[in-house]
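# Architecture and fold: a report
In case you want the letters, here they are:
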Amino acid sequence: MNTILLVEDDQALNMAFRTVLTKAGYNVVSAFHGLEALEYLSDNQPQLILLDLLMPKLNGINFLKRYQPTVNHPTVRIIVFSNLDTEPEIAEAMQLGAHKYLLKADTTPKQLVESVKATLKT
Amino acid sequence: MNAMNKRTIEQERARSDALFTSIGDGALATDERGIIRRANRVALELLGHTKSELVGSWYPKAVVATDGHGATIAVMDRPITEVFFTGKPVSAKTFYLKKDGTELPLSSTVSPILLGGKPVGAIEVFRDISLELAIDKMKSEFIALASHQLRTPLSAISVYAHMLQDGYAGTLNDQQMEYVTRTVDATTRMQALINALLNISRIESGQLAYNPKRVVMQEVIEQVLDESKPATKQKKLRIIRRLPKLPLVIMSDCLMVKEIISNLVTNAIQYTPPNGHITISARQEKQTVVIAIRDTGIGIPLDHRSQLFSPFYRAENALEYFESGTGLGLYLVKLLIAILNGEISFTSQEGKGSTFFVTIPMRQPSPSNNYSHTGL
């Protein structure tokens with residue numbers, strides 16, 4: 001079973017995405033900010049990370065800078081899943097190792113599952 | 001030359017010096033070889049140079065233009081060169097290297113000094129735009145943050161409504177399903193409104209970067225039609241393509257072109273009753289490409305046509321037929337077409353349908369007449 005690390009600070013959204021992805025057959029681990037995600041990643045390697053950008057304590061960009069996915073876990077797929085749609089941040093996230101960007105507000109649960117499935121295949 | 005003539009010439013020179021010195025912005029004047037002949041106080045203050053360091057020096061060497069990241073802009077690419085070649089004024093936003101090594105963002109206009117129709121030099125007037133850039137940055141950050149904050153609760157409403165609709169909490173009865181569907185539709189509408197407002201505020205504040213690249217029109221049109229498939233399928237609309245066989249290639253901003261076509265196709269779908277037709281064509285006409293989107297929809301009443309591209313404006317029959325429109329789609333299209341130096345027009349017959357024509361230049365060096373090295 002593929003494991004997804006869901007990094008999302010909004011409680012309601014974290015719960016919703018966890019439910020959707022669990023029902024789709026994934027093992028979902030929730031983190032509510034970048035530091036919590038880093039802590040999990042120090043001992044574990046999921047197949048995919050669903051990453052919010054604006055979060056307290058450690059935001060998505062700084063998380064990627066510290067995590068250095070291409071060095072530490074080069075096989076992990078990362079989807080930036082945020083309501084922030086500014087080009088410089090998205091470009092920076094991609095440069096730091098993210099594979100895909102989805103605008104949260106425009107993505108239905110079905111589309112999320114499809115994107116996760118497709119990204120895991122790449 | 002008699003004494004009186006000499007005095008008159010000296011007085012004229014003094015007057016012209018005073019005029020030049022009292023310009024409130026930085027001002028530099030060169031001769032026909034590009035040697036700086038005059039520099040006013042504001043120019044010296046802004047650049048951090050003394051008069052003797054500038055006057056008598058070759059302009060491109062004494063006043064170094066950069067791209068904002070430390071790289072020098074070549075002489076051939078500087079407005080003054082264009083002015084000498086064309087004899088026409090050029091406005092630019094660029095950076096100048098100050099004596100202390102820092103880069104100063106500024107807005108400048110270089111104009112030729114013409115004597116008997118021949119350029120005998122150039123005059124540049126420039127002003128510091130650091131504060132304007134700082135305000136623009138703040139505005140842009142505010143827009144990004146405000147839209148993020150609006151989208152977050154909306155995402156929660158939308159995702160839970162979709163989950164109910166998809167049966168995550170069990171099977172809904174007909175009435176429950178109807179209410180949830182209405183919630184989903186309202187969140188979709190709200191999202192479209194936020195996206196449109198965000199796009200418009202980005203365009204209006206000049207934050208939407210124009211990135212010209214090779215655009216194959218057939219590919220963009222197919223992408224838009226592909227994304228519209230669920231809606232066209234639902235209404236059983238027939239899509240007719242009239243596209244050239246050979247790739248129709250233009251140099252333009254792909255995302256903007258796509259957004260324009262997407263908005264027009266979405267409108268055609270929304271305002272065409274089920275089983276209707278939508279015809280999309282593209283052809284080259286001289287140095288432009290003309291895209292036409294024809295529908296068999298409700299049409300636009302005569303008395304509503306003049307205001308069709310105004311923000312939040314919706315024709316009466318449109319309001320009755322499709323209440324969820326934002327009234328921002330055509331306004332956004334108009335703004336984007338202006339950036340691409342294109343044109344839009346339409347013909348319509350109420351109850352029969354409309355055709356929108358978009359004309360986009362096949363090539364354009366910059367999005368408008370605003371010369372810019374840096375995309376400031």
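Residues numbered from 1 in each chain as written. Chains lettered and ligands numbered in written order. Predicted model: local features only at pLDDT ≥ 70, side-chain atom pairs only at ≥ 80, totals over all residues. Heavy atoms only, no water.

Bringing the confidence of the model for chain B into the picture now. All names here are of chain B. Overall, the prediction assigns chain B a mean pLDDT of 86, with 95% of residues at 70 or greater. Of all secondary-structure elements in chain B, the lowest mean pLDDT belongs to strand 14 (residues 371-372), at 36, while strand 11 (residues 288-295) reaches the highest, 95. In the model, residues 367-376 has pLDDT below 50 throughout and makes 32 contacts with residues more than four positions away in sequence or in other chains. Two summary scores accompany this predicted model of the complex, namely pTM at 0.64 and ipTM at 0.90. (pLDDT = per-residue confidence, 0-100. Helix = DSSP H or I, 4+ residues; strand = E, 2+ residues; numbered from the N terminus. Contact = heavy atoms within 4.5 Å.)

Moving on: the packing of aromatic side chains. Scanning the entire structure with this criterion turns up five aromatic pairs over all chains. Centre to centre, the rings of Phe309 of chain B and Phe346 of chain B are 6.1 Å apart; their planes meet at 50°, and the pair counts as tilted. Of this pair, Phe309 of chain B sits in the loop between strand 11 and helix 11 (316-321) while Phe346 of chain B sits in strand 12 (residues 343-349); the two residues are 37 residues apart in sequence, bridging distant segments of the chain. By relative accessible area, which is 15% here, Phe309 of chain B ends up buried. A network of ring pairs unites the aromatic residues Phe309, Phe346 and Phe356 of chain B as a single cluster. When the ring centre of Tyr168 of chain B is taken as origin, the NZ or CZ atom of Lys23 of chain A, which lies over that ring, is 4.5 Å away. Between the NZ or CZ atom of Arg38 of chain B and the centre of the ring of Phe20 of chain B, over which it lies, the distance is 5.6 Å. (Phe/Tyr/Trp six-rings, centres within 6.5 Å; stacked < 30°, edge-to-face > 60°. Buried < 20%, exposed > 50% of the residue type's maximum accessible area, 1.4 Å probe, protein only. Lys NZ or Arg CZ within 6 Å of the ring centre and 35° of its normal.)

The pairing of strands in a sheet comes from backbone hydrogen bonds and takes either a parallel or an antiparallel form. All names here are of chain A. On the basis of which strands lie adjacent, the open sheet formed by five strands has the order 2-1-3-4-5 and parallel pairing. The open sheet terminates on both sides in strands that have one partner only, identified here as strand 2 (27-31) and strand 5 (100-103). Neighbour-to-neighbour, the strand axes of the sheet open up by a mean angle of 20°, direction not taken into account. In terms of strand pairing, strand 4 (residues 77-82) meets strand 5 through four bridges, oriented parallel. Its bridge partner being in strand 5, Ile79 is matched across the sheet by Lys100. The sheet contacts of helix 3 (residues 60-67) involve strand 3 (48-51) and strand 4, and relative to strand 3 the element is tilted by about 150°. (Pairing = 2+ DSSP bridges. Axes fitted to C-alpha atoms, helices over the stretch in contact; angles between N-to-C directions.)

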